[in-house]
Amino acid sequence: MSMKIKAPKLGRVRRELEKRAPKLVETGKKTLLLQGTKSTATLNAVFTEIYHLKKGSAIRYTRKNDNIRPFENGGETSLEFFSQKTDCSIFLYGSHSKKRKDNIVIGRTYDHHIYDLVEVGVENFKSLQTFKYDKKLTPKQGSKPFIVFIGEGFQNVEELKHLKEVLIDLLRGEVVENLSLVGLDRVFVCSAVSSKKVFLTQCALRMKKSGTIVPRMELVEVGPSMDLVVRRHRLPNEGLRKEAMKQTKDHTKKKEKNVSHDKVEGKVGKLYMPDQKLHEMALPDKSKGLKRERREAKLKKKEGEPAPKKKKEVSE
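As the structure is a computational prediction, the values presented were derived from the model and not from experiment.

Colleague: Summarise the overall build of the protein chain; cite the residues concerned and give the values.
Modeller: The helix and strand tally for the protein chain stands at 7 helices and 11 strands. Counting the 316 residues in the protein chain, one finds 30% classified as buried. Sequence-distant contacts in the protein chain: of pairs separated by 6 or more residues, those separated by 24 or more amount to 64%. For the protein chain, the accessible surface area stands at approximately 23,900 Å², while carbon and sulfur atoms represent 52% of it.

Colleague: Go over the pattern of salt bridges with me, naming the residues and quoting the values.
Modeller: The full count for this structure, using the stated rule, is 14 salt bridges. For Glu123, the salt bridge identified is with Lys197, shortest N-O distance 3.7 Å. With Glu123 in strand E5 (residues 113-126) and Lys197 in strand E8 (residues 197-208), this residue pair connects regions lying 74 residues apart in the sequence. One salt-bridge network, in which partners are shared between bridges, spans Lys29, Arg108, Asp116, Glu165, Asp169 and Arg172.

Colleague: For the nonpolar core, give the residues involved together with the corresponding values.
Modeller: Formed by 26 residues in total, the largest nonpolar core has its most connected members in Val46, Leu92, Ile104, Val120 and Leu163. Those elements giving two or more residues to this core turn out to be helix H2 (41-53), strand E3 (90-95), strand E4 (103-110), E5, helix H5 (158-171), strand E7 (186-192), E8 and strand E9 (216-234). Among all residues touching Leu92, those that are not within four sequence positions of it are Thr31, Leu32, Leu33, Leu34, Phe47, Ile50, Ile104, Val105, Ile106 and Leu170. The next biggest cluster of nonpolar side chains, apart from the first, holds 11 residues, and it includes Leu34, Leu79, Ile114 and Leu117.

Colleague: For a positive patch on the surface, give the residues involved together with the corresponding values.
Modeller: Together, Arg12, Arg14, Arg15 and Lys19 make up a positively charged patch on the protein surface. Among the structural elements, Arg15 can be located in helix H1 (residues 11-20).

Colleague: Which residues make up helix H3 (residues 77-86), and what values go with them?
Modeller: When we look at burial in H3, the residues that qualify are Ser78, Leu79, Glu80, Phe82, Ser83 and Thr86. Following H3 by one or two positions, Asp87 adopts a phi angle in the positive range, close to 60°.

Colleague: Got a sec to walk through the packing of aromatic side chains? Specific residues and values, please.
Modeller: Any aromatic ring pair is given by two values, namely how distant the centres are and how the planes are angled relative to each other. Tallied over the full model, the rule gives 3 aromatic pairs. Taking 5.5 Å as the distance between ring centres and 75° as the angle between the ring planes, the aromatic pair formed by Tyr61 and Phe82 counts as edge-to-face. With Tyr61 in strand E2 (residues 58-64) and Phe82 in helix H3, the pair connects residues that are 21 residues apart, well separated along the chain. For Tyr61, a relative accessible area of 24% puts it in the partly exposed group. When its relative accessible area of 14% is taken as the criterion, Phe82 is described as buried. Residues Phe81 and Phe82 carry aromatic rings whose centres are separated by 5.6 Å and whose planes lie at 55° to one another, so their mutual orientation is tilted. Among the aromatic residues, those joined into a ring-pair cluster are Tyr61, Phe81 and Phe82. A cation over a ring is seen here: Arg232 above Phe71, with NZ or CZ 4.3 Å from the ring centre.

Calculation criteria
- Residues numbered from 1 in each chain as written.
- Predicted model: local features only at pLDDT ≥ 70, side-chain atom pairs only at ≥ 80, totals over all residues.
- Heavy atoms only, no water.
- Helix = DSSP H or I, 4+ residues; strand = E, 2+ residues; numbered from the N terminus.
- Buried < 20%, exposed > 50% of the residue type's maximum accessible area, 1.4 Å probe, protein only.
- Contact = heavy atoms within 4.5 Å.
- Areas by Shrake-Rupley, 256 points an atom, 1.4 Å probe, with all protein chains shown as cover.
- Salt bridge = Lys/Arg side-chain N within 4 Å of Asp/Glu carboxyl O.
- Core = buried A, V, L, I, M, F, W, Y, C linked by side-chain atoms within 4.5 Å.
- Patch = residues over 30% accessible without salt bridge, like charges linked within 9 Å, V, L, I, M, F, W, Y side chains within 5 Å.
- Lys, Arg positive; Asp, Glu negative; His and termini not counted.
- Charge placed at Lys NZ, Arg CZ, Asp CG, Glu CD.
- Phe/Tyr/Trp six-rings, centres within 6.5 Å; stacked < 30°, edge-to-face > 60°.
- Lys NZ or Arg CZ within 6 Å of the ring centre and 35° of its normal.

Have a look at this one:
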């Protein structure tokens, strides 16, 4: 039995569906903030700070959800429903229990299905209000941040490598090709304290004169800051990863004709020019020797001497 797909009649519905449709170059990812049946003041403060940092590209639900269990079979249904409803591809789910205190699950979705998950615990949280600094350095809303990862653990430890990928998607915002130095005013610093713990903080950028075109930059910690302890993580299965990594043919780089790359000479190109028929070209008769003969003839004519006849040149 074939199902008939109805086209939207209202323009508002049609525009909303076009926004959610797949694109060759995707726009910035939206973030969904959720909480479980039990929460704490620390989790509420963390979610408030993250919502403030990602204002404009984040949606927060404050109601308690008792049927969400990201790492269990069947506990992902509500998350996938909320992801499709809000068109968010990243979510943060906060919960608190005796075994896992101040727990946050950070996850990504592909086609509104759970892609991967990282579970972290929050320790030593400090909010924006606890930091004292010049308020002129406060990062502007929507500005593009630097993201710095310090430590060998982000290259060697599997859990930290996975956490690094998730944090980049969470913090970087919309992907752009060009940046202005004036718009860069914040840095997210992630330091690998151990194989299971990461220190995360936000710093403001202070630009000073350096005597060159590139200014000298200083970091001023403005918060929030916290320790993230990795507890559990789940990588995507191979089939879903291949499906998510597919690229269309239009997005690939076009091949350049008659261009090759050499390790020594670099980029080498070939130019094809048509044959030049010099025997058929009309060359102008403006040689300096002829001009000199004419000047001498004029001088002799003024003096009364007959000008010598010009010899006929025979071209071979």
